[in-house]
Amino acid sequence: MTQRTDQLTGILAALVLGTAGAVAAALGGAASWAVPVTGAGIGAAAFATHTATTRRHQAGRRTHTNSHREGAGRAPVPNGTPPADAAPWLARAGAAADTLHRHALAATGTALAAPLTAAADTTRAAEEQLRTRAAALRVIDTAVNDATLTNLEQERHRLAREADTAASGPLRDAKRASVRALEERIAALERLTRLRGLLTATLEATTLSLEAAADRGTVLLSLQTAQDAGGTPVDLTALTDELEAVQAGLDRLDDLSRTMRDGGAP
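This one's a predicted model, so the numbers in the text were calculated from it and none came from an experiment.

**Looking at the overall build of the chain**
The secondary structure content of the chain amounts to 7 helices and 0 strands. Element order for the chain, N to C, with α for helix and β for strand: α-α-α-α-α-α-α. Contacts in the chain between residues at least 24 apart in sequence constitute 78% of all its contacts with a sequence separation of at least 6. Split by element, the accessible area of the chain, about 16100 Å² in all, is 58% carbon and sulfur.

**Re the pattern of salt bridges**
Following the criterion strictly, the structure yields 13 salt bridges and no others. Residue R216 is joined to E242 by a salt bridge in which the shortest nitrogen-to-oxygen separation is 4.0 Å. With R216 in helix 6 (residues 170-227) and E242 in helix 7 (residues 237-262), this pair connects stretches of sequence that are 26 residues apart. Using a relative accessible area of 37% as the deciding quantity, one classes R216 as partly exposed. Overlapping salt bridges bring together D98, R124, E127 and R131 as one network.

**Let's talk about the packing of helix 3 (residues 87-106) against helix 4 (residues 113-143)**
Close contact between helix 3 and helix 4 brings their axes to 8 Å; oriented N to C, the two are set at 165 degrees. Of the possible angle classes, the one that applies to helix 3 and helix 4 is roughly antiparallel. Every pair of crossing elements has a handedness; the one defined by helix 3 and helix 4 is left-handed. Facing L90, A91, A93, G94, A97, D98, L100, H101, H103 and A104 of helix 3, the residues of helix 4 in contact are L116, T117, A119, A120, T123, R124, E127, L130, R131 and A134.

**A few points about the nonpolar core**
Among the nonpolar cores identified, the biggest contains 42 residues, and L100, L116, L130, L199, L210 and L239 are the most heavily contacted of them. For this core, the secondary-structure elements that each account for two or more residues are helix 3, helix 4, helix 5 (146-165), helix 6 and helix 7. It is helix 6 that contributes the most residues to this core, 13 residues altogether. Not counting residues up to four positions away in its chain, the partners in contact with L130 are L90, A93, L203, T206, T207, L210, L250 and L253.

**Side note on the environment of R176**
With respect to the secondary-structure elements, R176 resides in helix 6. By relative accessible area, R176 is classed as partly exposed at 38%. Between the C-alpha atoms of R176 and E162, which are 14 residues apart in sequence, the distance is 8.9 Å.

**Quick notes on the environment of E162**
Tracing the backbone through its elements, the reader meets E162 in helix 5. Among the polar contacts made by the side chain of E162, one reaches the side chain of K175 at a distance of 2.5 Å.

**Quick look at helix 3**
The terminal C-alpha atoms of helix 3 lie 29 Å apart, and with 20 residues this matches the ideal 28 Å at 1.5 Å per residue to within 8%. Within helix 3 the residues assigned to the buried category are W89, L90, A93, G94, A96, A97, T99, L100, H103 and A104.

**Structural notes on the side chain of T200**
Note that T200 resides in helix 6. In this view, T200 contacts D85 and L137; residues no more than four positions away in its chain are not counted.

**A short note on helix 4**
The terminal C-alpha atoms of helix 4 lie 46 Å apart, and with 31 residues this matches the ideal 45 Å at 1.5 Å per residue to within 8%. Every buried residue belonging to helix 4 is among A113, L116, A119, A120, T123, A126, E127, L130, A134, A136, L137 and I140, and all of these are buried.

**A few points about the side chain of T207**
For T207, the location among the structural elements is in helix 6. Among the residues examined, T207 registers a relative accessible area of 0% and is labelled buried. When near neighbours in sequence (up to four residues on either side) are disregarded, T207 contacts W89, R92, A93 and L130.

**Considering the confidence of the model for the chain**
Averaged over the chain, the pLDDT score is 75; the fraction of residues at 70 or greater is 64%. Here helix 2 (residues 34-73) stands out as the element of the chain with the lowest mean pLDDT, 47, in contrast to helix 3, whose mean of 94 is the highest. Counting interchain partners and residues more than four positions distant, the pLDDT-below-50 stretch residues 20-27 has 8 contacts.

Rules used in this analysis
Residues numbered from 1 in each chain as written. Predicted model: local features only at pLDDT ≥ 70, side-chain atom pairs only at ≥ 80, totals over all residues. Heavy atoms only, no water. Helix = DSSP H or I, 4+ residues; strand = E, 2+ residues; numbered from the N terminus. Contact = heavy atoms within 4.5 Å. Areas by Shrake-Rupley, 256 points an atom, 1.4 Å probe, with all protein chains shown as cover. Salt bridge = Lys/Arg side-chain N within 4 Å of Asp/Glu carboxyl O. Buried < 20%, exposed > 50% of the residue type's maximum accessible area, 1.4 Å probe, protein only. Axes fitted to C-alpha atoms, helices over the stretch in contact; angles between N-to-C directions. Parallel < 35°, antiparallel > 145°, perpendicular 65-115°, else oblique. Left-handed = near helix turned anticlockwise from the far one by under 90°. Core = buried A, V, L, I, M, F, W, Y, C linked by side-chain atoms within 4.5 Å. Polar contact = N/O pair within 3.5 Å; in protein donor to acceptor, adjacent residues only side chain to side chain. Expected span 1.5 Å × (residues − 1). pLDDT = per-residue confidence, 0-100.

Here it is as C-alpha coordinates:
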(Lines give C-alpha, C1' and ligand atoms only; values in the text may rest on other atoms or scores of the structure.)
Protein backbone atom coordinates (compact mmCIF):
# COMPACT_ATOMS: atom_id res chain seq x y z
CA MET A 1 0.00 0.00 0.00
CA THR A 2 2.79 2.41 0.87
CA GLN A 3 4.67 1.65 -2.36
CA ARG A 4 1.58 2.34 -4.48
CA THR A 5 0.97 5.61 -2.68
CA ASP A 6 4.58 6.66 -3.29
CA GLN A 7 4.18 5.92 -7.02
CA LEU A 8 0.97 7.99 -7.31
CA THR A 9 2.64 10.84 -5.46
CA GLY A 10 5.57 10.73 -7.88
CA ILE A 11 3.28 10.81 -10.93
CA LEU A 12 1.30 13.76 -9.57
CA ALA A 13 4.49 15.64 -8.78
CA ALA A 14 5.81 14.99 -12.30
CA LEU A 15 2.56 16.25 -13.88
CA VAL A 16 2.45 19.38 -11.76
CA LEU A 17 6.11 20.27 -12.29
CA GLY A 18 5.99 19.35 -15.97
CA THR A 19 2.95 21.55 -16.56
CA ALA A 20 4.55 24.41 -14.66
CA GLY A 21 7.71 24.02 -16.73
CA ALA A 22 5.76 24.07 -20.00
CA VAL A 23 3.86 27.19 -18.96
CA ALA A 24 7.10 28.89 -17.97
CA ALA A 25 8.65 27.98 -21.31
CA ALA A 26 5.67 29.37 -23.23
CA LEU A 27 5.67 32.61 -21.30
CA GLY A 28 9.41 32.91 -21.87
CA GLY A 29 8.92 32.94 -25.64
CA ALA A 30 10.09 29.43 -26.41
CA ALA A 31 9.24 27.87 -29.78
CA SER A 32 5.95 26.01 -29.94
CA TRP A 33 7.66 22.67 -30.44
CA ALA A 34 9.93 23.29 -27.42
CA VAL A 35 7.11 23.91 -24.95
CA PRO A 36 5.87 20.29 -24.62
CA VAL A 37 9.43 18.97 -24.78
CA THR A 38 10.47 21.21 -21.89
CA GLY A 39 7.43 20.20 -19.84
CA ALA A 40 8.01 16.51 -20.49
CA GLY A 41 11.68 16.78 -19.58
CA ILE A 42 10.99 18.52 -16.29
CA GLY A 43 8.25 16.03 -15.45
CA ALA A 44 10.49 13.06 -16.20
CA ALA A 45 13.31 14.48 -14.12
CA ALA A 46 10.95 15.12 -11.22
CA PHE A 47 9.56 11.58 -11.40
CA ALA A 48 13.05 10.06 -11.53
CA THR A 49 14.19 12.10 -8.55
CA HIS A 50 11.11 11.17 -6.54
CA THR A 51 11.51 7.47 -7.39
CA ALA A 52 15.17 7.41 -6.34
CA THR A 53 14.43 9.20 -3.08
CA THR A 54 11.51 6.86 -2.32
CA ARG A 55 13.68 3.78 -2.88
CA ARG A 56 16.32 5.09 -0.49
CA HIS A 57 13.68 5.73 2.17
CA GLN A 58 12.15 2.28 1.69
CA ALA A 59 15.56 0.67 2.02
CA GLY A 60 16.18 2.65 5.19
CA ARG A 61 12.82 1.57 6.61
CA ARG A 62 13.56 -2.09 5.83
CA THR A 63 16.96 -1.85 7.48
CA HIS A 64 15.50 -0.18 10.57
CA THR A 65 12.68 -2.74 10.77
CA ASN A 66 15.05 -5.70 10.45
CA SER A 67 17.37 -4.24 13.06
CA HIS A 68 14.47 -3.68 15.40
CA ARG A 69 13.22 -7.25 14.92
CA GLU A 70 16.67 -8.68 15.48
CA GLY A 71 17.07 -6.59 18.62
CA ALA A 72 13.65 -7.60 19.91
CA GLY A 73 14.45 -11.28 19.49
CA ARG A 74 17.86 -11.06 21.13
CA ALA A 75 17.84 -11.85 24.85
CA PRO A 76 19.79 -9.48 27.10
CA VAL A 77 23.15 -10.74 28.22
CA PRO A 78 22.82 -11.84 31.85
CA ASN A 79 25.28 -10.43 34.32
CA GLY A 80 25.11 -12.55 37.46
CA THR A 81 28.68 -12.02 38.60
CA PRO A 82 28.63 -10.63 42.14
CA PRO A 83 30.90 -7.73 43.14
CA ALA A 84 34.44 -8.77 44.06
CA ASP A 85 34.02 -8.04 47.76
CA ALA A 86 30.75 -10.03 47.96
CA ALA A 87 31.85 -13.12 46.02
CA PRO A 88 33.88 -14.74 48.85
CA TRP A 89 31.01 -14.34 51.29
CA LEU A 90 28.52 -15.85 48.87
CA ALA A 91 30.89 -18.79 48.33
CA ARG A 92 31.07 -19.32 52.09
CA ALA A 93 27.28 -19.17 52.37
CA GLY A 94 27.03 -21.85 49.69
CA ALA A 95 29.58 -24.03 51.48
CA ALA A 96 27.61 -23.75 54.74
CA ALA A 97 24.42 -24.79 52.97
CA ASP A 98 26.24 -27.74 51.39
CA THR A 99 27.53 -28.83 54.82
CA LEU A 100 24.06 -28.89 56.35
CA HIS A 101 22.75 -30.78 53.34
CA ARG A 102 25.39 -33.47 53.82
CA HIS A 103 24.55 -33.65 57.53
CA ALA A 104 20.88 -34.11 56.72
CA LEU A 105 21.71 -37.02 54.41
CA ALA A 106 23.99 -38.57 57.04
CA ALA A 107 21.22 -38.31 59.65
CA THR A 108 18.71 -40.26 57.56
CA GLY A 109 16.78 -42.68 59.76
CA THR A 110 17.57 -40.83 62.99
CA ALA A 111 15.73 -38.27 65.08
CA LEU A 112 17.95 -35.57 63.59
CA ALA A 113 16.87 -36.25 60.01
CA ALA A 114 13.85 -33.92 60.04
CA PRO A 115 15.42 -30.93 61.85
CA LEU A 116 18.64 -31.10 59.82
CA THR A 117 16.71 -31.40 56.57
CA ALA A 118 14.67 -28.34 57.52
CA ALA A 119 17.85 -26.49 58.45
CA ALA A 120 19.46 -27.45 55.15
CA ASP A 121 16.44 -26.17 53.21
CA THR A 122 16.47 -22.94 55.20
CA THR A 123 20.15 -22.28 54.62
CA ARG A 124 19.88 -23.07 50.90
CA ALA A 125 17.02 -20.59 50.56
CA ALA A 126 19.04 -18.07 52.56
CA GLU A 127 22.02 -18.51 50.24
CA GLU A 128 19.83 -17.79 47.22
CA GLN A 129 18.45 -14.68 48.89
CA LEU A 130 21.95 -13.48 49.67
CA ARG A 131 22.86 -13.81 46.00
CA THR A 132 19.79 -11.82 45.04
CA ARG A 133 20.58 -9.10 47.57
CA ALA A 134 24.18 -8.96 46.37
CA ALA A 135 22.80 -7.76 43.03
CA ALA A 136 21.89 -4.52 44.81
CA LEU A 137 25.59 -3.95 45.42
CA ARG A 138 26.26 -4.07 41.70
CA VAL A 139 23.44 -1.60 41.07
CA ILE A 140 25.03 0.82 43.53
CA ASP A 141 28.50 0.26 42.05
CA THR A 142 27.10 1.16 38.63
CA ALA A 143 25.62 4.41 39.94
CA VAL A 144 28.40 5.44 42.31
CA ASN A 145 32.15 5.52 41.92
CA ASP A 146 34.93 7.78 43.13
CA ALA A 147 35.39 9.37 39.72
CA THR A 148 31.70 10.30 39.49
CA LEU A 149 31.67 11.94 42.92
CA THR A 150 34.94 13.77 42.21
CA ASN A 151 33.65 15.13 38.91
CA LEU A 152 30.39 16.24 40.47
CA GLU A 153 32.22 18.01 43.30
CA GLN A 154 34.46 19.81 40.82
CA GLU A 155 31.47 20.84 38.76
CA ARG A 156 29.65 22.08 41.85
CA HIS A 157 32.63 24.23 42.89
CA ARG A 158 32.88 25.68 39.38
CA LEU A 159 29.19 26.60 39.24
CA ALA A 160 29.33 28.03 42.75
CA ARG A 161 32.22 30.32 41.74
CA GLU A 162 30.41 31.39 38.60
CA ALA A 163 27.26 32.11 40.61
CA ASP A 164 29.25 34.24 43.08
CA THR A 165 30.87 36.29 40.33
CA ALA A 166 27.78 36.66 38.16
CA ALA A 167 25.76 39.85 38.28
CA SER A 168 22.49 39.75 40.13
CA GLY A 169 19.77 38.51 37.83
CA PRO A 170 18.60 35.45 35.85
CA LEU A 171 22.11 34.16 35.17
CA ARG A 172 23.05 34.07 38.85
CA ASP A 173 19.72 32.45 39.72
CA ALA A 174 20.26 29.76 37.08
CA LYS A 175 23.79 29.04 38.33
CA ARG A 176 22.59 28.75 41.91
CA ALA A 177 19.78 26.41 40.83
CA SER A 178 22.40 24.23 39.12
CA VAL A 179 24.48 24.20 42.30
CA ARG A 180 21.47 23.06 44.36
CA ALA A 181 20.69 20.31 41.85
CA LEU A 182 24.26 19.04 42.01
CA GLU A 183 24.26 19.15 45.81
CA GLU A 184 21.12 17.00 45.87
CA ARG A 185 22.65 14.50 43.47
CA ILE A 186 25.89 14.31 45.45
CA ALA A 187 23.94 13.77 48.67
CA ALA A 188 21.94 10.97 47.04
CA LEU A 189 25.11 9.22 45.85
CA GLU A 190 26.67 9.56 49.29
CA ARG A 191 23.58 7.96 50.83
CA LEU A 192 23.93 5.08 48.38
CA THR A 193 27.56 4.68 49.40
CA ARG A 194 26.57 4.40 53.08
CA LEU A 195 23.78 2.01 52.15
CA ARG A 196 26.24 -0.19 50.30
CA GLY A 197 28.40 -0.42 53.40
CA LEU A 198 25.39 -1.52 55.46
CA LEU A 199 24.35 -4.07 52.84
CA THR A 200 27.85 -5.53 52.73
CA ALA A 201 28.17 -5.71 56.52
CA THR A 202 24.75 -7.38 56.85
CA LEU A 203 25.61 -9.89 54.11
CA GLU A 204 28.79 -10.76 55.97
CA ALA A 205 27.00 -11.15 59.31
CA THR A 206 24.29 -13.33 57.77
CA THR A 207 26.91 -15.54 56.14
CA LEU A 208 28.67 -15.95 59.48
CA SER A 209 25.34 -17.01 61.00
CA LEU A 210 24.96 -19.58 58.23
CA GLU A 211 28.40 -20.95 59.01
CA ALA A 212 27.53 -21.07 62.71
CA ALA A 213 24.37 -23.01 61.86
CA ALA A 214 26.44 -25.47 59.83
CA ASP A 215 28.82 -25.89 62.78
CA ARG A 216 25.85 -26.53 65.08
CA GLY A 217 24.68 -29.19 62.66
CA THR A 218 28.09 -30.83 62.81
CA VAL A 219 28.00 -30.88 66.61
CA LEU A 220 24.46 -32.25 66.68
CA LEU A 221 25.31 -35.05 64.26
CA SER A 222 28.36 -35.96 66.32
CA LEU A 223 26.35 -36.01 69.55
CA GLN A 224 23.61 -38.05 67.94
CA THR A 225 26.15 -40.63 66.81
CA ALA A 226 27.74 -40.81 70.27
CA GLN A 227 24.45 -40.92 72.18
CA ASP A 228 22.50 -43.35 70.05
CA ALA A 229 23.14 -46.14 72.51
CA GLY A 230 21.81 -44.15 75.42
CA GLY A 231 18.90 -42.65 73.49
CA THR A 232 19.52 -39.19 74.99
CA PRO A 233 17.55 -36.52 73.09
CA VAL A 234 19.64 -33.89 71.30
CA ASP A 235 19.11 -30.22 72.20
CA LEU A 236 18.24 -28.22 69.06
CA THR A 237 18.18 -24.83 70.78
CA ALA A 238 21.57 -23.65 69.53
CA LEU A 239 20.79 -24.60 65.91
CA THR A 240 17.43 -22.85 66.15
CA ASP A 241 19.08 -19.69 67.50
CA GLU A 242 21.54 -19.57 64.60
CA LEU A 243 18.79 -20.08 62.05
CA GLU A 244 16.83 -17.23 63.65
CA ALA A 245 19.93 -15.06 63.36
CA VAL A 246 20.10 -15.95 59.68
CA GLN A 247 16.47 -14.92 59.21
CA ALA A 248 17.08 -11.67 61.08
CA GLY A 249 19.95 -10.89 58.72
CA LEU A 250 17.77 -11.60 55.68
CA ASP A 251 15.04 -9.34 57.08
CA ARG A 252 17.60 -6.60 57.55
CA LEU A 253 18.76 -7.01 53.95
CA ASP A 254 15.14 -6.74 52.81
CA ASP A 255 14.74 -3.50 54.75
CA LEU A 256 17.92 -2.06 53.27
CA SER A 257 16.95 -3.08 49.73
CA ARG A 258 13.54 -1.46 50.24
CA THR A 259 15.27 1.68 51.45
CA MET A 260 17.34 1.81 48.28
CA ARG A 261 14.29 1.27 46.13
CA ASP A 262 12.33 4.01 47.90
CA GLY A 263 15.25 6.42 47.86
CA GLY A 264 15.36 6.92 51.62
CA ALA A 265 18.32 7.31 53.93
CA PRO A 266 19.95 4.15 55.32
